[in-house]
There are 2 protein chains.
Amino acid sequence: MSAVASVMTGSSKEYPAGRALDVSRHAMMLATGAALPEEIVTNENLIGELDLVASDRAVQFSLGIRERRRAARGVPVSKYLCDAARQCIERAGIHPEQIDRIVYCRLFGDHSVPATSLRVLQRLGVRRGIPAMDISAACSGVLHAIDVAISAINAGDDYVLVLGGDISVGRPEARREVDTRTAFLNGDGFAAVLLGPSDRPHFKCRYFYTDSDLYELASIPFGSVIANGSMDFSPDVLNLAMPDGRKIHKSVLESCAILSRRLLELAGMTMANIDFFITSDQTRLVWQDQVKMLGLSESQSVSCFHKYGNTVAAMVPLNLNEAIETGKLKRGMTVMMMGHGAGASGGGFIFTY
Amino acid sequence: MSAVASVMTGSSKEYPAGRALDVSRHAMMLATGAALPEEIVTNENLIGELDLVASDRAVQFSLGIRERRRAARGVPVSKYLCDAARQCIERAGIHPEQIDRIVYCRLFGDHSVPATSLRVLQRLGVRRGIPAMDISAACSGVLHAIDVAISAINAGDDYVLVLGGDISVGRPEARREVDTRTAFLNGDGFAAVLLGPSDRPHFKCRYFYTDSDLYELASIPFGSVIANGSMDFSPDVLNLAMPDGRKIHKSVLESCAILSRRLLELAGMTMANIDFFITSDQTRLVWQDQVKMLGLSESQSVSCFHKYGNTVAAMVPLNLNEAIETGKLKRGMTVMMMGHGAGASGGGFIFTY
């Protein structure tokens, strides 16, 4: 092993020592953070930019959205993620060097390779060479990332930072065809969630599923361009296509029914035990219908859709952040949290905040 | 909960019941599978297509590559992944319906959204709505996916299918500038690994790290195009750029040193306990130097680089598959397996096969 040792000498970098598996270690939700781009784009702004026949009033009535944010041109995703991460870490009262792992849920990220979570580490100035991974998932993605974080804490990690959000507002010049059904839906937003260790099992249960029959319901078909070998493609392949909004609405409600039923079964609970509900709100009505279906009141949940729109992977953590910031979600409450990937993929937890 | 129940009635789909956490459940490596596109592209072929001043002999001498495979135009990544998955499942002697989870490590996949693992489920004809997730990572990515699989099995899953590989050979028409340093390196390949439960701890330890200082060493800078808001980009942003091959060579060897030292420490072993070595072989020499550094003989490892090239996330599982297929890796052997993301990200395990 002398050869190995000699190669090591060249590096002044500190790498984590690794940890033995410690299965009595439970995970808990410590803090959240958010980063929203400064530019506010109103419905009127979009109508003008995209030259649409529509009115702010009609858009607000049908979708429940007033405005959304748009990332500044040339500002990389990792810059916003870092802002959200810093707020989150500060609120948790820990130092960036204490983070043991980063899991980022992305659409395209900064670079396709290496992982954008690595760039976040660089920007945060974390010296320890902690593990970092990007996952690719849409509206239910941060739930998957939290699941990975919980397993990592079960296995010995102390603090795991989960990040979500990407640039999803198509810029006017990046669209050839404008679909009025989707033009108002998306917004750019970024969120962070910090999980840490606990001696009590805060997370009561988790449940994830897919419905591959709904694969075509909502998609960003970019990858297929590469398989087809043509580089002369429409920028629309980078935008989220949702050919049938009513089907998505229905499938999200089915997803909510599947997840809530399974989660309650696994936790041995009924809805009477649930104090607060966090979910993905693809439209205002999608949120309202979920709350209604579960027999909850709207004061037991939050939706940022009216001001941020559909921020894809950031939706669920931005709602969680809003619930905590506004004091609606309090320590000790039992929370049902879920995310719906247009019904094709869903996941969630019941946990004590 | 009657409202929830009524929504459920509409669906004839079967979803997994979910499982209680079962931490006495260990994971083991059950089987592997591979799918290589039919088209073989020799060095001479590439020299002709790209109009390069080079010779087959010089390329074989400097890189150690003879040929690589190229995916057929228009055939989606999920088709190849399915072929690899079917071979793997058949070898393990299980039915596709027994799979509990899929984790796919991708570059671009079929669609950016939803997850390509979902499309694989659809193609495999799996009826149960099992969880599926894509992760975005390069040469060390399948190691991350195996890590997620092990945690899932620890937590109650029976069979987890890990997939890796994507289209990485730039087609001639998809390149504006040809970099002779990287033109011969990549190949298209796809691999599957099935993990299953065991009453004994086959996996002795795992270790993952990053070095964010090496973020720029090798990259596919595509995401940044979106942040810049311009859709008039060179197709080269989709190709892997490696400005300094010597630096990558050095950083991969450092990664091998870091991983081997930590893994041996965590397992309480020395290299004398290691029977077989699986690694990412970015070139023939990168493989040979790792084997040499660890004091092993070349018969204790395998490299497919000469025939498949750098298949990014498929490299490590294709080498594992080759070792098993050729009978070099036998049940009961102690294996050190690792993957290096150009030194920026690394991970590995010591396990009993």
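Predicted, not measured: the structure shown is a model, and the values here were computed from it.

Draft legend 1. Quick look at the pairing of strand 10 (residues 334–341) of chain A. Residue and element names in this part refer to chain A. Within strand 10, seven of the eight residues are buried, which leaves the element mostly enclosed by the surrounding structure. Judged from the three bridges that link them, strand 9 (residues 276–278) and strand 10 form a sheet pairing that is parallel. By the bridge assignment for strand 10, phenylalanine 276 is matched with valine 335. Bridge analysis of strand 10 against strand 11 (residues 345–352) gives eight bridges, and the strand direction is antiparallel.

Draft legend 2. Representation of the interface of chain A and chain B. Contacts between the two partners involve 87 residues from chain A and, on the opposite side, 87 residues from chain B. Those elements that place two or more of their residues in the side of chain A that touches chain B are helix 1 (2–9), helix 5 (116–124), strand 5 (132–136), helix 6 (141–154), strand 8 (203–210), helix 7 (222–228) and helix 8 (245–267) of chain A. A per-element tally of the side of chain A that touches chain B places helix 8 of chain A first, with eight residues. Among the residues forming the side of chain A that touches chain B, the class breakdown is 51 nonpolar, 24 polar and twelve charged. Where strand 5 of chain A lies against strand 5 (residues 132–136) of chain B, three bridges are found, and the strand directions are antiparallel. The partner of isoleucine 135 of chain A across the bridge, within strand 5 of chain B, is isoleucine 135 of chain B.

Draft legend 3. Spotlight on the packing of helix 4 (residues 77–92) of chain B against helix 5 (residues 116–124) of chain B. All names here are of chain B. Between helix 4 and helix 5, whose axes approach to 9 Å, the crossing angle comes to 60°. The orientation of helix 4 relative to helix 5 falls into the category oblique. Seen from above, helix 4 lies across helix 5 with right-handed handedness. Residue-level inspection shows Val77, Ser78, Leu81, Cys82 and Ala85 of helix 4 in contact with helix 5, the latter providing Thr116, Arg119, Val120, Arg123 and Leu124. Among the residues making up the contact of helix 4 with helix 5, the classes are represented as six nonpolar, two polar and two charged.

Draft legend 4. Just the environment of leucine 329 of chain A, in detail. Residues and elements named next belong to chain A. Within the secondary structure, leucine 329 is located in the loop between helix 11 (315–325) and strand 10. The exposure class of leucine 329 is buried, given the 24 C-beta atoms found within 10 Å. The spatial distance from the C-alpha of leucine 329 to the C-alpha of valine 302 is 9.5 Å, given a sequence separation of 27 residues. Dropping the residues within four chain positions of it, leucine 329 is found in contact with Phe276, Ala323, Ile324, Val335 and Tyr353.

Draft legend 5. A look at the sheet that holds strand 10 (residues 334–341) of chain B. Residues and elements named next belong to chain B. Strands sit in the order 8-11-10-9 across an open sheet of four strands; the sheet is mixed. Because the sheet does not close on itself, it has two edges, and the strands there are strand 8 (203–210) and strand 9 (276–278). For this sheet, the mean inter-axis angle between neighbouring strands, taken without regard to orientation, is 10°. Examined bridge by bridge, strand 8 and strand 11 (residues 345–352) share seven bridges and lie antiparallel to one another. In the strand pairing of strand 11, arginine 206 is matched with phenylalanine 349.

Draft legend 6. Fine view of the relation of the copies chain A and chain B. Overlaying chain A on chain B yields an RMSD of 0.0 Å, the required transformation being a rotation through 180° with an accompanying axial translation of 0.0 Å. The superposition operator between the copies reduces to a two-fold rotation axis. For chain A, the residue whose C-alpha comes nearest the rotation axis is isoleucine 135 of chain A, separated from it by 2.0 Å.

Draft legend 7. Highlighting the domain arrangement of chain A. Residue and element names in this part refer to chain A. Under the domain assignment, chain A is made up of domain 1 (26–198) and domain 2 (203–352). One C-alpha centre belongs to domain 1, the other to domain 2; they are set 15 Å apart. Contacts between domain 1 and domain 2 engage 44 residues on the former and 43 residues on the latter. Mapped onto the side of domain 1 that touches domain 2, the elements with two or more residues apiece are strand 1 (26–35), strand 3 (67–70), helix 6 and strand 7 (190–198). Ranked by residues supplied to the side of domain 1 that touches domain 2, first place goes to helix 6 with six residues. Partitioned by chemical class, the residues of the side of domain 1 that touches domain 2 number 19 nonpolar, 14 polar and eleven charged.

Draft legend 8. Broad picture of the nonpolar core. With 244 residues, the main nonpolar core has Ala149, Val162 and Leu195 of chain A together with Ala149, Val162 and Leu195 of chain B as its most contacted residues. Those residues in contact with alanine 149 of chain A, other than ones at most four positions away along the chain, are Ala27, Val103, Val160, Val162 and Leu195 of chain A.

Draft legend 9. The arrangement of the pairing of strand 5 of chain B in detail. All names here are of chain B. The element strand 5 is extensively covered by neighbouring structure, given that five of its five residues are classed as buried. Taking every second residue as pointing to the same face, both faces of strand 5 are buried, with Ala132, Asp134 and Ser136 on one and Met133 and Ile135 on the other. Remark: the strand 4 (residues 99–106)/helix 5/strand 5 crossover connection has right-handed handedness.

Draft legend 10. Summary view of the environment of threonine 334 of chain A. Residue and element names in this part refer to chain A. Mapped onto the secondary structure, threonine 334 falls in strand 10. For threonine 334, a count of 15 C-beta atoms within 10 Å gives the class partly exposed. Residues threonine 334 and phenylalanine 351, spaced 17 residues apart in sequence, show a C-alpha to C-alpha distance of 5.8 Å.

Draft legend 11. Highlighting helix 4 (residues 77–92) of chain A. The end-to-end C-alpha separation of helix 4 of chain A is 23 Å, in line with the 22 Å expected for 16 residues at 1.5 Å each. By the burial criterion, the buried members of helix 4 of chain A are Val77, Ser78, Tyr80, Leu81, Cys82, Ala84, Ala85, Cys88, Ile89 and Ala92 of chain A. In this structure, the buried residues of helix 4 of chain A make contact with strand 1, strand 4 (99–106), helix 5, strand 6 (159–164) and strand 7 of chain A together with helix 7 (222–228) of chain B. Glycine 93 of chain A sits one or two residues past helix 4 of chain A and shows a positive phi near 75°.

Cut-offs and rules
Residues numbered from 1 in each chain as written. Chains lettered and ligands numbered in written order. Predicted model: local features only at pLDDT ≥ 70, side-chain atom pairs only at ≥ 80, totals over all residues. Buried ≥ 20, exposed ≤ 12 C-beta atoms within 10 Å, placed from the backbone. Helix = DSSP H or I, 4+ residues; strand = E, 2+ residues; numbered from the N terminus. Pairing = 2+ DSSP bridges. Contact = placed C-beta atoms within 7 Å. Nonpolar A, V, L, I, M, F, W, Y, C, P; charged D, E, K, R; others polar. Axes fitted to C-alpha atoms, helices over the stretch in contact; angles between N-to-C directions. Parallel < 35°, antiparallel > 145°, perpendicular 65-115°, else oblique. Left-handed = near helix turned anticlockwise from the far one by under 90°. Least-squares fit on C-alpha atoms with pLDDT ≥ 70 in both. Domains from an automatic or database assignment. Core = buried A, V, L, I, M, F, W, Y, C linked by C-beta atoms within 7 Å. Right-handed = clockwise from strand over helix to strand, strands pointing away. Expected span 1.5 Å × (residues − 1).

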